[in-house]
There are 2 protein chains.
Amino acid sequence: MLTERQLFLLRALVDDYISTAEPVGSRAIAKREDVNYSPATIRNDLADLEEMGFLEKTHTSSGRIPSEKGYRFYVDHLVSPVLLTAREMQSIKKAFTDMYYEVEKVIQETAKIMSDFTNYTAIAMGPELNDTKLKHIQIIQLNAEKAIMIIVTDTGHVESRTISLPKKVSARDIEKLINILNQKLKNVPVFQLKTKIEKEIKKVLNKHIENYEQILSILDEALSYHPLDQIYYGGKNNILAQPEFRDVDKFLPLLNALEEKETIYELLRSPSSGINIKIGHENNLVAIKDCSVITASYSMGGEHMGTVAVIGPTRMAYPRVITLMEVISRKLTHLLTELY
Amino acid sequence: MLTERQLFLLRALVDDYISTAEPVGSRAIAKREDVNYSPATIRNDLADLEEMGFLEKTHTSSGRIPSEKGYRFYVDHLVSPVLLTAREMQSIKKAFTDMYYEVEKVIQETAKIMSDFTNYTAIAMGPELNDTKLKHIQIIQLNAEKAIMIIVTDTGHVESRTISLPKKVSARDIEKLINILNQKLKNVPVFQLKTKIEKEIKKVLNKHIENYEQILSILDEALSYHPLDQIYYGGKNNILAQPEFRDVDKFLPLLNALEEKETIYELLRSPSSGINIKIGHENNLVAIKDCSVITASYSMGGEHMGTVAVIGPTRMAYPRVITLMEVISRKLTHLLTELY
DNA sequence: GTTAGCACTCTGGTTTAATGAGTGCTAATT
DNA sequence: AATTAGCACTCATTAAACCAGAGTGCTAAC
């Protein structure tokens, strides 16, 4: 069990290390005005904290730095809530009101805002199409072989695909097809489209259109949604300003990982809602073993829509980022819900 | 005027420096099997070349490296064409045949290919909409205030914008509007849409639709095209592997410049067609003063469509990259022309 | 339980010296 | 007249040596 003083010292040390990025020694802590213990006393406690695994030393006679376990404890029990200044709140508010109307643009812009306010790298994912509903479907023929299929959802998301038409489809058939699809599929949740087509549309089409099978198979393929297209970054290179990433070998894997949207997608798919914090190895991704990831989910009219995240060194300004993420996910949710 | 031997030595030195990244001394050149001059002779010529501004020294007693003027001369007069291996050609061909059908995807993929084959950073821009023609325009109402406007071009490009509807527009009016627009604007080059609307459509609309002015103003804004959305990267971090960019201060401005699409757009808007090479300061952008940019334009059915580029250190493997760019822009043009 | 004192450890920066690659110049050679 | 050998000199790089400073752990005193 940790004593009051140990708790206090652990917090003080982590706070200090977060802001200086230098190992913290007993003397440095003792010098703080709110501390009345002598360096020696502090040393004893720090030694205990180290023994318990909350702290580490970079070498035998260095000051101490928090271990991952230390950060975890700090995040779970010691973060004191930080208030943003009125100025900052104002500035965030402004950023969110000046925005475009398109959902994608909003998400994209949010990533920028997050990175600007945290000075870390921000990632925004989504919107996921899960529960959005089909608003309109359209096929526009380009030439004898090719056509564009466009799908619009009720959230204003537009997906388009080029499809190659089977040989024996007439313009009339396509028109019929569109009419049927729109009639039957309007307001169907996007993720149900495929099964719905399979179950209900097939028969109807059969009656009206020749060659419907080939069209359907293409439709089917065209309906697969790529969530990887919906990943936006802000301040991608901010991480390079952090002293722990001075070395090329340190940040190159990280930068490369950021480029792999698959990896990022897996990393951020947040299991729970609300704020989520993963520290270092908790992320299960070697490239970011020295980073922490803080995610927050946002929604739209109560439906979970996507995730925003900030990625920084494990020595991250947790308190600030946490409050910031809370504010931003709230604002984002609010804005999106209001928009549609 | 340069003597034969000086020409030869300049080429040899640049070649050598390109592959080793180390200043090249007289002895190193003398050792080459195709060289029969003594180091002293070579030294004299190198001194002359330096005096003429083609070479530089990193310090008084170092070997020499090419100056920008040296690279320029090398590129203009000394590059010996390089042949790609059959294997490589095969591999490029394969990459281009495995591709998606969408133009955007093709461009995107091309950036990847270029970076993979050069190990530098690749950028692909376009397609520019200049001469593509409108195929279809559509407005889909989402709710009382919002609608999506979708524009499809004959190259299969889809642009969509969210627009907010004026209060007093009925669904019927919108339908009318779309019909008129499609009727009048089909096959009009995209860049003429605005003026065409201004000149011809206004009157027609006036007759049929109330409140047409508000709609038009929105339409007008929605029609502005953002070429910045059409910039794709490949191997963004490849540049970090180059020894000249070991230092954070060296590559950070570069990486940041890459993130600014405005900047990149200005940088790559190639004036001429064909292959274009800009060396170091010729680029007029401090962030890439130590880089060279090789651009190539591609087209579609004879119409210029966009630009692809490779950006690497001034010490770039020019011969190889040049041939590679030629091959790729040809393949790309071919593929796109065939697709539509 | 807390603190002062002290010996000990390790880092980081600075100095010194040695090595080696490369040059420019002069004089000899072809 | 052009080329080359020889040599003194320069500068960067590396390793070793050294020193100062920050910090610890431990013991003994408070």
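Preceding this paragraph is the structure being described.
Report follows, based on the coordinates.

The rules behind these values
Residues numbered from 1 in each chain as written. Chains lettered and ligands numbered in written order. Predicted model: local features only at pLDDT ≥ 70, side-chain atom pairs only at ≥ 80, totals over all residues. Heavy atoms only, no water. Least-squares fit on C-alpha atoms with pLDDT ≥ 70 in both. Contact = heavy atoms within 4.5 Å. Near = heavy atom within 4 Å. Polar contact = N/O pair within 3.5 Å; in protein donor to acceptor, adjacent residues only side chain to side chain. Helix = DSSP H or I, 4+ residues; strand = E, 2+ residues; numbered from the N terminus. Nonpolar A, V, L, I, M, F, W, Y, C, P; charged D, E, K, R; others polar. Expected span 1.5 Å × (residues − 1). Buried < 20%, exposed > 50% of the residue type's maximum accessible area, 1.4 Å probe, protein only. Arc of directions from axis to C-beta. Buried area = accessible area lost by both parts, 1.4 Å probe. Salt bridge = Lys/Arg side-chain N within 4 Å of Asp/Glu carboxyl O. Core = buried A, V, L, I, M, F, W, Y, C linked by side-chain atoms within 4.5 Å. Domains from an automatic or database assignment.

A word on the relation of the copies chain B and chain A
In step 1: At an RMSD of 0.2 Å, chain B and chain A line up after a rotation of 180° and a shift of 0.0 Å along the axis. Both copies are brought into coincidence by an operation consistent with a two-fold rotation axis.
In step 2: The residues that chain B uses at the interface reappear at the interface of chain A in 100% of cases, marking a shared surface.

Considerations on the protein's contact with DNA strand D
In step 1: Every one of the 20 residues lining DNA strand D counts as a neighbour, but A:Ser26, A:Arg64, B:Thr41, B:Thr60 and B:Ser61 are closest to it.
In step 2: The sugar-phosphate backbone supplies 78% of the atoms of DNA strand D found within 4 Å of the protein.
In step 3: In this structure, A:Lys57 approaches DNA strand D through a side-chain N or O atom, which is 3.1 Å from a phosphate oxygen.
In step 4: In this structure, A:Ser62 approaches DNA strand D through a main-chain N or O atom, which is 3.5 Å from a sugar or linking oxygen.
In step 5: Ranked by residue count, the leading element in the surface near DNA strand D is helix 3 (residues 39-51) of chain B, at 4 residues.
In step 6: Residue composition of the surface near DNA strand D, grouped by class: 2 nonpolar, 13 polar and 5 charged.

Digging into helix 3 of chain B
All names here are of chain B.
In step 1: When the terminal C-alpha atoms of helix 3 are compared, their 18 Å separation across 13 residues agrees well with the 18 Å that a helix rising 1.5 Å per residue should span.
In step 2: Listed as buried for helix 3 are Ile42, Asp45, Leu46 and Leu49. Around the axis of helix 3, the buried residues are gathered within 105° of arc, so they sit on the same side. Among the exposed residues of helix 3, those pointing more than 90 degrees away from its buried face are Asn44 and Glu51.
In step 3: On its buried face, helix 3 sits against helix 1 (4-20), helix 2 (26-31), strand 1 (55-57) and strand 2 (64-66).
In step 4: Positive phi shows up at Gly53, right after helix 3, with a value of about 95°.

Some remarks on the interface of chain B and chain A
In step 1: Between chain B and chain A, the contact holds 36 residues from the first and 36 residues from the second.
In step 2: Here chain B and chain A share an interface that buries about 3000 Å² over both sides, 61% of which is from carbon and sulfur atoms.
In step 3: When the buried surface of chain B facing chain A is broken down by residue, B:Leu142, B:Thr162 and B:Asn237 rank first, second and third, together holding 16% of it.
In step 4: On inspection of chain B and its partner chain A, the count reaches 1 salt bridge.
In step 5: At the surface where chain B touches chain A, the tally comes to 8 residue pairs in polar contact (both at pLDDT 80 or more).
In step 6: When contributions to the side of chain B that touches chain A are tallied by element, the ones reaching two or more residues are strand 4 (134-141), strand 5 (146-153), strand 6 (158-164) and helix 10 (248-259) of chain B.
In step 7: At 6 residues, the largest contribution of residues to the side of chain B that touches chain A is made by helix 10 of chain B.
In step 8: Looking at the side of chain B that touches chain A, its residues break down into 14 nonpolar, 12 polar and 10 charged.

Remarks on the nonpolar core
In step 1: Residues B:Ile29 and B:Tyr318 are the most contacted members of the largest nonpolar core, which totals 59 residues.
In step 2: It is helix 12 (residues 318-339) of chain B that provides the largest number of residues to this core, a total of 11 residues.
In step 3: Per-domain counts for this core show at least three residues from each of domain 1 (4-78) and domain 2 (86-129 + 228-339) of chain B.
In step 4: When near neighbours in sequence (up to four residues on either side) are disregarded, B:Tyr318 contacts B:Ile18, B:Tyr71, B:Tyr74, B:Val75, B:Ile277, B:Ile279, B:Ser292 and B:Ile294.
In step 5: One finds A:Leu13, A:Val35, A:Val308 and A:Leu335 within the second-largest nonpolar core, a separate group that totals 58 residues.

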